[in-house]
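Each chain, written out:
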Amino acid sequence: MNAYFDMPSDLQHSYLGLIGLHLREALLPVLFGLVVALPVAQLCVRFKWLYSPVLWVTTVLYAIPSLAFFVVLIDYTGATETTVMIPLTVYSLVLLVPAIVDGVRSVSPDTMAAATAMGFGPVQRYLKVQLPIAVPAIFAGLRLAAVSSISLVSVGTLIGNQGALGNLLADGQFYHRTPLIVTSVVTTALLAILVDGLLVLIQTLLTPWAPRGGKSAGKGAGKSGRPSLLRRRTTSAAREPEPAAARAALEDAVR
Amino acid sequence: MIQIDSVTKRYPDGTVAVDELSLEIPDGSITVLVGPSGCGKTTTLRMINRMVELTGGRILLDGADIHAQPVNALRRSMGYVIQNAGLFQHRTIVDNIATVPRMLGWDRDRARKRARDLMDRVGLDASLAKRYPYQLSGGQQQRVGVARALAADPPVLLMDEPFSAVDPIVRKVLQAELLRIQAELGKTIVFVTHDIDEAIKLGDMVAVLRTGGKLAQYAPPDELLSAPADAFVEDFLGTDRGIRRLSFFTSAGLELTTAPIIAVDSSAAQVAERTKASGAPYLLLTDTDGKPLGWTGPAAAAKGGAALSVAELLPHGRPFVFGKESLRDALDCAVLSPTGWAVAVDDGGRVVGVTSQTTIAEAIRGAHAERGAAGSPSASAKAAAAEAAAVDPAIAESKAAESKAV
């Protein structure tokens, strides 16, 4: 077993320490991303013309390689966790903003009219009606963002010791210790699956009102939740092999 | 009283949805706005609670301009019911109903108690309180919508095609329930529909609007049917308005005869005597309790008493409740009866007499003469109709089916 879990000293972390660092670097950006995405999405709902330029900008930002971000950021934030987390935060927006916008827009016009007619002001209506009903859609976005972020953290290796499990992968290659590579890849995949499961659990607890199982679905209620579940399945399957892709990138970088 | 005073809604692009509309909506009654799509009926309704802002004229609520108070306070003083109920899918039924009381600052327990009282009032089983909207049928959701609108006991209820999205049987039940609730609560209800039958059934006053938001006629339904203002209204009412108007004439004055009625345990001599006395080709056989069993055919009557067998009887059709149901119901019974005679029963379903199509036709002529062209609808006839609908076994059955469909 030690071949798998004996961490090279240059990582400066135990196995569990690496996992902690990895989760922190992956999930804090998603949290920050959510904090930024909520008001941005609300603006997009309020001013419809804003949505497509915002979508365009987030997509372009997503297309910028993290290496390019690092080159710029390293002058300001140094070779730190922050430098890794800023691009990850930016990347999460491309998933979170549309998820929230779609979720809030999925609230039926009847429900909105009823809320207005009952004397909800715009703020109350947003907080007490639109946002709660958008929860399934928001969670679909959160799950994608979290899983993608977990696989992306590895790129922190590019700026030194900030790649957590990604550094373990790089060390495995550097020292020709294949078991370490296996540990890194399998652990990353497991983290993604566990975090995804945890988010599903939280969502279930938050939305006792959403139709589940094969029962006749309520109008609108299921619309946001159900297709996203299907989408999740396929993406999480697609995400798991990602560390392999990251490894290819790392090999390029090492050369 | 809601006074709509030369109200116009003109959109920035120049479209006029409502054009110089004036209506006085009396307190404690149902006023229906009806018309084809694009006639501005929903727009008019939404201008009352300012979900649409008028661009000309004014609307007064009990003499005060609706702009005199904050918009959300105005809206909370008016219940609002819409087509697909528009329930909050993330809240339980009881919390949906308690929404407005909670916004008005009631504590949670009081608001929920009020919500449960209202569930009872609109005919929702208490066991549904903790369910979520997706677990309810369309008809039940609509009941929740009505209960939610009534929660803070607003004097005004605005209803925008509330029953259009449910199936016809459930719609009939909900309409009867609305009339029942209205008889108890006496709200000022403004009701929008595109269905003229619904308008005539529910409205104390009916405003017919034409495309472009112009008022075509504003009258009680009886008057609408007897004296449509113009070709548009006449066309909109459909072809059988004469028959439909009979709904507003009570059957109470109808002349009945008891001569052809005979109990099942009568002797042969009695039957022969009855046949002779009534001069009718048919006898109505009743059970010992006085409930109708059916008509004896001419052959049976000719043969005399011994041949009175229940198996050979002709069906008596649906009887009408004498004095409660209208001349329209009586005529319907007579038309559908194989003998051409209608059977009148009391509340308990016991026969009080029979009447022929000829007699009903005379009664109709008499009622028309008495009422004239511009008669006013009798509120009691409407209430009686509501009551009759409530006890109609077919409707009770469909209601049971509806609640079973959960």
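Conventions we followed
- Residues numbered from 1 in each chain as written.
- Chains lettered and ligands numbered in written order.
- Predicted model: local features only at pLDDT ≥ 70, side-chain atom pairs only at ≥ 80, totals over all residues.
- Heavy atoms only, no water.
- UniProt positions renumbered as here; feature names shortened; annotations may be inferred.
- Helix = DSSP H or I, 4+ residues; strand = E, 2+ residues; numbered from the N terminus.
- Contact = heavy atoms within 4.5 Å.
- Areas by Shrake-Rupley, 256 points an atom, 1.4 Å probe, with all protein chains shown as cover.
- Buried area = accessible area lost by both parts, 1.4 Å probe.
- Polar contact = N/O pair within 3.5 Å; in protein donor to acceptor, adjacent residues only side chain to side chain.
- Nonpolar A, V, L, I, M, F, W, Y, C, P; charged D, E, K, R; others polar.
- Pairing = 2+ DSSP bridges.
- Axes fitted to C-alpha atoms, helices over the stretch in contact; angles between N-to-C directions.
- Core = buried A, V, L, I, M, F, W, Y, C linked by side-chain atoms within 4.5 Å.
- Buried < 20%, exposed > 50% of the residue type's maximum accessible area, 1.4 Å probe, protein only.
- Patch = residues over 30% accessible without salt bridge, like charges linked within 9 Å, V, L, I, M, F, W, Y side chains within 5 Å.
- Salt bridge = Lys/Arg side-chain N within 4 Å of Asp/Glu carboxyl O.
- Lys, Arg positive; Asp, Glu negative; His and termini not counted.
- Charge placed at Lys NZ, Arg CZ, Asp CG, Glu CD.
- pLDDT = per-residue confidence, 0-100.
- Expected span 1.5 Å × (residues − 1).
- Bend = angle between axes of the 7 residues up to and from the residue.
- 1 Å grid on protein atoms, 1.4 Å probe; cavity = no way out; pocket = protein on both sides within 12 Å on 5 of 7 lines; lining within 4 Å.
- Points joined across faces, edges and corners; volume = space filled by probe spheres on them.

- The name given to chain B in an unreviewed UniProt entry is ABC-type quaternary amine transporter, with the source organism recorded as Actinacidiphila alni.
- Chain B has a UniProt comment under Sequence similarities (unreviewed entry) that states "Belongs to the ABC transporter superfamily."

- Under an unreviewed UniProt entry, chain A has the name Osmoprotectant transport system permease protein and belongs to Actinacidiphila alni.
- In UniProt, chain A has this text filed under Sequence similarities (unreviewed entry): "Belongs to the binding-protein-dependent transport system permease family."

1. What about the overall build of chain A?
Move 1: In terms of regular secondary structure, chain A is built from 11 helices and zero strands.
Move 2: Starting at the N terminus, the α and β elements of chain A follow one another as α-α-α-α-α-α-α-α-α-α-α.
Move 3: If you take every contact in chain A between residues at least 6 apart in sequence, the share linking residues at least 24 apart comes to 75%.
Move 4: Within the structure as shown, chain A displays about 12,200 Å² of accessible surface, and the carbon and sulfur contribution to it stands at 70%.

2. Some points on the interface of chain A and chain B
Move 1: On the chain B side, the residues contacting the 26 residues of chain A number 23 residues.
Move 2: Both sides together, the interface formed by chain A and chain B hides about 2,100 Å², and carbon and sulfur atoms give 62% of it.
Move 3: Interface area lost by chain A to chain B is led by A:Ala117, A:Met118 and A:Trp209, which between them contribute 30%.
Move 4: Here chain A and chain B share three residue pairs in polar contact (both at pLDDT 80 or more) between them.
Move 5: When contributions to the side of chain A that touches chain B are tallied by element, the ones reaching two or more residues are α6 (109–117) and α7 (122–152) of chain A.
Move 6: Ranked by the residues each element gives to the side of chain A that touches chain B, the list is headed by α6(A), at seven residues.
Move 7: A breakdown of the residues in the side of chain A that touches chain B according to their chemical character gives 14 nonpolar, eight polar and four charged.

3. Examining the sheet that holds strand β3 (residues 30–34) of chain B
All names here are of chain B.
Move 1: Taken together, six strands build an open sheet; the order of strands is β6-β7-β8-β3-β9-β10 and the sheet is mixed. Strands at the two margins of the open sheet, each flanked by one partner only, are β6 (78–82) and β10 (214–219). The sheet shows a mean angle of 15° between the axes of neighbouring strands, taken without regard to direction.
Move 2: Pairing geometry for β3 and strand β9 (residues 205–210), over four bridges, is parallel. Counted as the bridge partner of threonine 31 is methionine 205 from β9.

4. Side note on the environment of B:Thr31
All names here are of chain B.
Move 1: Relative to the helices and strands, threonine 31 is located in strand β3.
Move 2: Each C-alpha atom of the pair threonine 31 and methionine 205 lies 4.8 Å from the other, and the pair is 174 residues apart in sequence.
Move 3: The residues contacting threonine 31, other than those within four sequence positions of it, are Ile25, Pro26, Ile189, Val190, Phe191, Met205 and Tyr218.

5. A word on the nonpolar core
Move 1: With 51 residues, the main nonpolar core has B:Val34, B:Ile97, B:Met159, B:Phe191, B:Ile196, B:Val208 and B:Leu224 as its most contacted residues.
Move 2: Sequence-distant contacts of B:Ile97, defined by excluding residues within four places in its chain, comprise B:Ala115, B:Leu118, B:Met119, B:Val144, B:Ala147, B:Arg148 and B:Ala151.

6. Structural notes on the UniProt feature "transmembrane region" (unreviewed entry) in chain A
Residue and element names in this part refer to chain A.
Move 1: Mapped onto this structure's residue numbering, the UniProt feature "transmembrane region" (unreviewed entry) falls at residues 26–47, 54–74, 86–104, 133–160 and 180–202.
Move 2: The span residues 26–47 is 95% helix and 0% strand, and its two end C-alpha atoms sit 31 Å from each other.
Move 3: Secondary structure within residues 86–104 divides into 100% helix and 0% strand; the distance between the first and last C-alpha atoms comes to 26 Å.

7. Examining a positive patch on the surface
Move 1: Where like charges cluster on the molecular surface, the positive patch consists of A:Lys128, B:Arg102, B:Arg108, B:Arg116 and B:Lys130.
Move 2: For B:Arg108, the location among the structural elements is in helix α5 (residues 108–121).

8. What about the pattern of salt bridges?
All names here are of chain B.
Move 1: Taken as a whole and assessed by the stated rule, the structure comprises 23 salt bridges over all chains.
Move 2: Between arginine 58 and aspartate 5 there is a salt bridge, with the nearest N and O atoms lying 3.1 Å from each other. Here aspartate 5 lies in strand β1 (residues 2–10) and arginine 58 lies in strand β4 (residues 56–61), a separation of 53 residues in the sequence.
Move 3: Judged by relative accessible area, arginine 58 falls into the partly exposed class, the value being 39%.

9. A few points about the pairing of strand β8 (residues 188–193) of chain B
Residue and element names in this part refer to chain B.
Move 1: Judged by how many residues are buried, β8 sits mostly within the fold: six of six residues are covered.
Move 2: Judged by which residues are buried, β8 turns out to be covered on both faces: Thr188, Val190 and Val192 on one side and Ile189, Phe191 and Thr193 on the other are all buried.
Move 3: Here β3 runs beside β8; their pairing, made up of five bridges, is parallel. The partner of leucine 33 across the bridge, within β8, is valine 192.
Move 4: The pairing of strand β7 (residues 156–160) with β8 spans five bridges and is classified as parallel.

10. Quick look at the confidence of the model for chain B
Residue and element names in this part refer to chain B.
Move 1: Across chain B, the average pLDDT comes to 86, with 87% of residues at 70 or higher.
Move 2: A low-confidence stretch, residues 373–381 stays under pLDDT 50, and its non-local contacts, those more than four residues away or across chains, total 13 contacts.
Move 3: The low-confidence segment residues 389–396 (pLDDT under 50) makes four contacts with residues lying over four places distant or belonging to another chain.

11. Description of the sheet that holds strand β2 (residues 16–25) of chain B
Residues and elements named next belong to chain B.
Move 1: Taken together, four strands build an open sheet; the order of strands is β2-β1-β4-β5 and the sheet is antiparallel. Two strands close off the open sheet at either side, each with one partner strand: β2 and β5 (64–65).
Move 2: Here five bridges tie β1 to β4, and the two strands are oriented antiparallel to one another. Each residue of the ladder has a partner; that of isoleucine 4, found in β4, is isoleucine 59.

12. Some thoughts on α7(A)
All names here are of chain A.
Move 1: The terminal C-alpha atoms of α7, which comprises 31 residues, lie only 38 Å apart, well short of the 45 Å expected from a rise of 1.5 Å per residue.
Move 2: At valine 135, α7 is bent by approximately 55°, the largest bend along its length, and proline proline 136 sits one to four residues beyond.
Move 3: For α7, the tally of buried residues reaches 24 of 31 residues, placing the bulk of the element in the interior.

13. Observations concerning helix α8 (residues 165–174) of chain A
All names here are of chain A.
Move 1: Among the 10 residues in α8, nine count as buried, and that is most of the element.
Move 2: Buried residues of α8: Leu165, Gly166, Asn167, Leu168, Leu169, Ala170, Asp171, Gly172 and Gln173, and no others.
Move 3: Taken from the residues just after α8, histidine 176 is the one with a positive phi, measuring 55°.

14. What about unusual backbone geometry?
Move 1: We note that A:Gln12 has phi near 60°; this positive angle belongs to a residue other than glycine.
Move 2: The phi dihedral of B:Glu161 falls on the positive side, at around 45°, and the residue is not glycine.
Move 3: Within the secondary structure, B:Glu161 sits in the loop between β7 and α7 (168–185).

15. Describing empty space enclosed by the protein
Residue and element names in this part refer to chain B.
Move 1: Scanning the model with the defined rule gives five cavities of 30 Å³ or more in all.
Move 2: In this model, the largest cavity occupies a volume close to 60 Å³.
Move 3: Every element with two or more residues in the lining of the largest cavity is listed here: α6 (138–150) and α7.
Move 4: The dominant element in the lining of the largest cavity, judged by the number of residues it contributes, is α7, at four residues.

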